[in-house]
Structure formats: structure tokens, C-alpha cells
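# Analysis of the macromolecular model
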Amino acid sequence: MSKKGIVHIFASHNNTIILLTDVTGQETIAKCSGGIVTKSQHKEGSPYAAMKVAEIVAEKAKEKGVNYVDVKIRA
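## So, the sheet that holds strand β1 (residues 3-11)
- Read from one edge to the other, the open sheet built from four strands follows the order β3-β2-β1-β4, with strand pairing classed as mixed. The two strands at the open ends of the sheet, each matched to only one other strand, are β3 (28-33) and β4 (66-74). Each neighbouring strand pair of the sheet contributes to a mean axis angle of 15 degrees, computed without reference to strand direction.
- With five bridges connecting them, strand β2 (residues 16-22) and β3 associate as antiparallel partners. Note on β3: the bridge partner recorded for Ile 18 is Cys 32.
- Strand contacts of helix α2 (residues 47-64): β1, β2, β3 and β4, with the helix running at about 160 degrees to β3, the strand carrying the most contacts.

## Looking at the environment of Asn 14
- On the secondary structure map, Asn 14 appears in the loop between β1 and β2.
- Setting aside anything within four residues of it in sequence, one finds Asn 14 in contact with Glu 44 and Gly 45.

## Focus: a nonpolar patch on the surface
- Residues Val 69, Val 71 and Ile 73 make up a contiguous nonpolar surface patch of roughly 280 Å² in combined accessible area.
- Along the chain, the position of Ile 73 falls in strand β4.

## Focus on the environment of Ile 56
- Its place among the elements puts Ile 56 in helix α2.
- Accessibility expressed as a relative area gives 29% for Ile 56, which makes it partly exposed.
- Remark: the alpha-carbon pair of Ile 56 and Ala 75, spanning 19 residues in sequence, is separated by 20 Å.
- The contacts of Ile 56, once residues within four sequence positions are left out, are Cys 32 and Val 37.

Conventions and cut-offs
Residues numbered from 1 in each chain as written. Predicted model: local features only at pLDDT ≥ 70, side-chain atom pairs only at ≥ 80, totals over all residues. Heavy atoms only, no water. Pairing = 2+ DSSP bridges. Helix = DSSP H or I, 4+ residues; strand = E, 2+ residues; numbered from the N terminus. Axes fitted to C-alpha atoms, helices over the stretch in contact; angles between N-to-C directions. Contact = heavy atoms within 4.5 Å. Patch = residues over 30% accessible without salt bridge, like charges linked within 9 Å, V, L, I, M, F, W, Y side chains within 5 Å. Areas by Shrake-Rupley, 256 points an atom, 1.4 Å probe, with all protein chains shown as cover. Salt bridge = Lys/Arg side-chain N within 4 Å of Asp/Glu carboxyl O. Buried < 20%, exposed > 50% of the residue type's maximum accessible area, 1.4 Å probe, protein only.

As C-alpha cells, then:
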């Protein structure tokens, strides 16, 4: 059985936050931000940090069995 989720992406000049929830949006499956993957604060909003954040959330989604996602972006 395949599970479906919603990926909420918030991207600003200072940070990138990705949150994966179930279809209803009530249960958080995975979350990560630029501050978790970088050592210095001025690189939180960089494309490299966003790529690493996306990799971490995708890896956690695979572990939880999520195969399909809808993407919502707020920038």
C-alpha cells in the first residue's frame, strides 16, 4: 500500500524549511531546516542547504513508506 503526503516548503532569504505531513496536514512525518544542515548562520538560505534539507526529508519519507507527495511552496 502506498502512502501519500504533502510537502510544505518555506523559502526565504534567511532560511529554508521543509515539512512533510500526511494528506490531512495534521500529522508531521518529517521536518528539516537549513539551520540543521549548516554550521554557519549566513548559509542557511543557500541553494546547497536547501538541497541537503530536501535530501534529508526525502530519505525520511522513504523510511516511512511515503511514495507520492503534493508540493506546496511559500516564498
